[in-house]
Amino acid sequence: MNIHVPRGTEDLLPETAKKWQAIEEQLIHLAQIYHYKEIRTPMFERTELFQRSVGDSTDIVQKEMYTFQDRGGRSLTLRPEGTASVARAYVQHKIHGSPEQPTKLYYMGPMFRYERPQQGRTRQFTQFGIEAIGSAHPAIDAEVMAFAMACYQSLGLKSLKLVINSLGDKESREAHRNALVDHFTPVKDELCQDCQNRLEQNPLRLLDCKVDRDHEAMKTAPSILDYLNEESSRYFEHVKKHLDAMGIDYVVDDTLVRGLDYYTHTAFEIMSEADGFGSITTLSGGGRYNGLIEELGGPDISGIGFALSIERLIMAIEAEGIELEYDETVDCYVIAIGEDAKYTASNVVYQLRKDGIKTDQDYLDKKMKGQFKAADRIGAAYVCIIGEDEVNQGVANVKNQQSGEQKTVQIKDISTEIKAGF
Ligand code: HAM
């Protein structure tokens with residue numbers, strides 16, 4: 001039997017990989033515009049990191065992690081997300097001591113979650129994310145949301161919805177938690193087993209349940225927004241004012257809770273509203289995490305960030321029928337006729353490439369006609385034809401494929417002629 005990719009993973013063949021490249025370039029460009037710098041962390045971490053940050057009671061930690069023991073008996077986990085690693089690196093390298101604050105970082109790379117694969121949900125997926133650590137100013141919450149929206153808008157996407165909520169500070173969350181327990185306890189037996197566990201471990205997660213979504217008690221559940229203390233409420237108002245100042249539309253949804261435990265105050269998601277987008281409409285999500293750095297042994301410093309997956313971004317691009325632009329041009333195809341010309345061609349190809357000219361040649365011993373066809377197929381702007389006579393005279397015939405114009409050029413001058421264009 002032939003071996004295929006593992007379930008929930010995929011190969012990106014060149015036709016697809018070129019879309020990824022175009023998107024990755026755009027995202028990195030945006031990071032520069034928003035003044036975020038790249039951080040690269042390992043793809044696996046000590047398991048404990050995710051237990052302590054993402055949270056023991058979350059689906060990610062309970063059901064979805066790729067955890068293994070290495071040969072030294074350590075428990076390691078393929079990263080299911082990027083925030084925990086960035087926070088760990090921030091603490092480990094004492095980045096809070098650096099004069100440039102807040103610390104604004106971006107990352108891009110594969111993440112791993114053992115989920116049931118479906119469209120827009122894979123077991124290996126690629127996140128692009130940012131983390132701004134070291135400021136508890138509402139303007140930076142708005143900046144992160146603006147950046148998240150720009151990731152889609154700059155690629156031409158339009159059917160987007162920014163959904164925001166506040167999860168408040170510790171005190172507000174505690175008050176809300178108690179209200180949820182009081183609300184759901186009388187109907188506990190009617191809820192799914194997961195929700196019964198959640199009621200004890202993390203009642204906020206109940207609001208995210210897909211099974212009990214339509215239960216009457218869900219519709220009347222206490223809203224976090226009614227339990228925000230004055231400071232949390234004020235913070236949320238300021239965040240919204242900054243979004244208003246930027247002219248960014250949003251809707252407030254008090255049931256938005258997110259699937260990770262580290263969030264405090266602002267939480268948000270971007271949804272696709274495009275017709276034909278799959279059933280999972282969340283494109284990206286993020287929020288503020290005021291206790292995370294301290295939880296990982298650092299100082300009491302707050303942060304906010306978001307992450308998107310390129311898989312879902314591509315789904316949105318396809319649903320909205322957006323054509324990305326690619327530079328697939330080849331400047332020159334070198335055609336060699338005869339055995340000796342092959343050596344000269346190798347030299348010419350090598351020199352042209354050294355001069356930064358995108359060049360290729362035939363490696364299948366094709367006849368002249370076949371080589372011209374190959375040049376057409378790849379859309380070479382120029383062909384450079386080298387036969388026996390040319391070899392003897394140290395020249396080549398360079399032809400502009402579009403105009404048909406042809407020139408005999410000294411071999412050493414080919415690059416200059418092509419760069420100058422004719
Ligand atoms: P998350 O909501 O778990 O948040 O994931 C962020 C995004 O990753 C999702 O909105 C989705 O686009 C994508 N994603 C998640 N799971 C999959 C999957 N199985 N297949 C394809 N795409 C997926 C986080 O990961 C947080 N670290 C975000 C954050 C950064 N919060 C603060 N800073």
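Structural data are supplied above this passage.
Residues numbered from 1 in each chain as written. Predicted model: local features only at pLDDT ≥ 70, side-chain atom pairs only at ≥ 80, totals over all residues. Heavy atoms only, no water.

Quick look at the packing of aromatic side chains now. All told, the structure shown has eleven aromatic pairs when counted by the stated rule. Look at Tyr-382 and Phe-422: their rings are 5.2 Å apart centre to centre, the planes differ by 50°, and that puts the pair in the tilted class. Here Tyr-382 is found in strand S14 (residues 380-386), whereas its partner Phe-422 is found in the segment after helix H15 (414-420), with 40 residues between them in sequence. Relative accessible area serves as the criterion here: at 9%, Tyr-382 is assigned to the buried category. In this structure an aromatic cluster arises from ring pairing among Tyr-34, Tyr-36, Tyr-106, Phe-128, Phe-147, Phe-268 and Phe-306. The ring of Tyr-326 has Lys-18 lying over it, and the distance from NZ or CZ to the ring centre is 4.7 Å. The residue whose ring lies beneath Arg-123 is Tyr-114, and the NZ or CZ to ring-centre distance is 3.9 Å. (Phe/Tyr/Trp six-rings, centres within 6.5 Å; stacked < 30°, edge-to-face > 60°. Helix = DSSP H or I, 4+ residues; strand = E, 2+ residues; numbered from the N terminus. Buried < 20%, exposed > 50% of the residue type's maximum accessible area, 1.4 Å probe, protein only. Lys NZ or Arg CZ within 6 Å of the ring centre and 35° of its normal.)

Of all residues adjacent to the ligand, which total 27 residues, the nearest are Glu-81, Thr-83, Glu-115, Tyr-263 and Leu-283. At a separation of 2.9 Å, an oxygen atom of the ligand approaches a polar side-chain atom of Arg-113. Phe-306 places a polar main-chain atom, nitrogen or oxygen, 3.3 Å from a nitrogen atom of the ligand. Bound to the protein, the ligand loses 96% of the 660 Å² it would expose on its own. Of all the secondary structure elements, the ones that give two or more residues to the shell around the ligand are strand S6 (124-133), strand S10 (282-289) and strand S11 (303-309). (Near = heavy atom within 4 Å. Polar contact = N/O pair within 3.5 Å; in protein donor to acceptor, adjacent residues only side chain to side chain. Areas by Shrake-Rupley, 256 points an atom, 1.4 Å probe, with all protein chains shown as cover.)

The next subject is the environment of Leu-155. Note on placement: Leu-155 falls in the loop between helix H5 (138-153) and strand S7 (160-166). Once the C-alpha coordinates of Leu-155 and Gly-259 are considered, the two residues, 104 residues apart in sequence, prove to be 27 Å apart. Contact partners of Leu-155, with chain neighbours within four places excluded, come to Ile-23, Gln-26, Leu-313, Ile-317, Ile-322 and Leu-324. (Contact = heavy atoms within 4.5 Å.)

Our focus in this paragraph is the layout of surface pockets. Counted as a void, the second largest pocket has a volume near 710 Å³. Lining the second largest pocket are 26 residues, and of these Lys-170, Arg-173, Asp-261, Tyr-263 and Thr-264 sit closest to its centre. Among the secondary structure elements, those contributing two or more residues to the lining of the second largest pocket are helix H2 (47-55), helix H6 (170-184) and helix H10 (292-295). For the lining of the second largest pocket, the leading source of residues is H6, giving six residues. By residue class, the composition of the lining of the second largest pocket is ten nonpolar, seven polar and nine charged. (1 Å grid on protein atoms, 1.4 Å probe; cavity = no way out; pocket = protein on both sides within 12 Å on 5 of 7 lines; lining within 4 Å. Points joined across faces, edges and corners; volume = space filled by probe spheres on them. Nonpolar A, V, L, I, M, F, W, Y, C, P; charged D, E, K, R; others polar.)

On to the side chain of Asp-169, then. By secondary structure assignment, the location of Asp-169 is in the loop between S7 and H6. Of the side chains bearing the opposite charge, Arg-173 lies closest to the buried Asp-169, which forms no salt bridge; the N-O distance is 7.4 Å. For Asp-169, the side chain forms a polar contact with the side chain of Asn-229, separated by 3.0 Å. (Lys, Arg positive; Asp, Glu negative; His and termini not counted. Salt bridge = Lys/Arg side-chain N within 4 Å of Asp/Glu carboxyl O.)

For helix H7 (residues 193-201), every residue scored as buried is listed here: Cys-195, Gln-196, Arg-198 and Leu-199. Looking down the long axis of H7, one finds its buried residues gathered within 160° of arc, a one-sided arrangement. Turned more than 90 degrees away from the buried face of H7, the exposed residues are Gln-193 and Glu-200. Buried residues in H7 make contact with helix H3 (59-64), H6 and helix H8 (216-219). (Arc of directions from axis to C-beta.)

What follows is about helix H12 (residues 339-354). Relative to the 22 Å expected for 16 residues at 1.5 Å per residue, H12 spans 24 Å between its end C-alpha atoms, a close match to the ideal helical length. Three or more residues of H12 are buried, namely Ala-341, Thr-344, Ala-345, Val-348, Val-349 and Leu-352. Mapping the buried residues of H12 onto a view down its axis gives an arc of 145°, with all of them on the same face. Residues Glu-339, Tyr-343, Tyr-350 and Lys-354 are exposed on H12 and point more than 90 degrees away from its buried face. One or two positions beyond H12, positive phi appears at Gly-356, with a value near 80°. (Expected span 1.5 Å × (residues − 1).)

One pass over the full model with this rule turns up 30 salt bridges. The partner of Arg-288 in a salt bridge is Asp-141, with the nearest N and O atoms 2.8 Å apart. In this pair, Arg-288 sits in strand S10 while Asp-141 sits in helix H5, placing the two residues 147 residues apart along the sequence. The exposure classification of Arg-288 matches that of Asp-141, with both residues buried. Between Lys-210 and Asp-208 there is a salt bridge, and its shortest N-O distance comes to 4.0 Å. For Asp-208, a relative accessible area of 31% corresponds to the partly exposed category. Counted as one network, the salt bridges with shared partners bring together Arg-46, Glu-48, Arg-52 and Glu-295.

Spatial relationships are all this shows, so hold off on functional conclusions.
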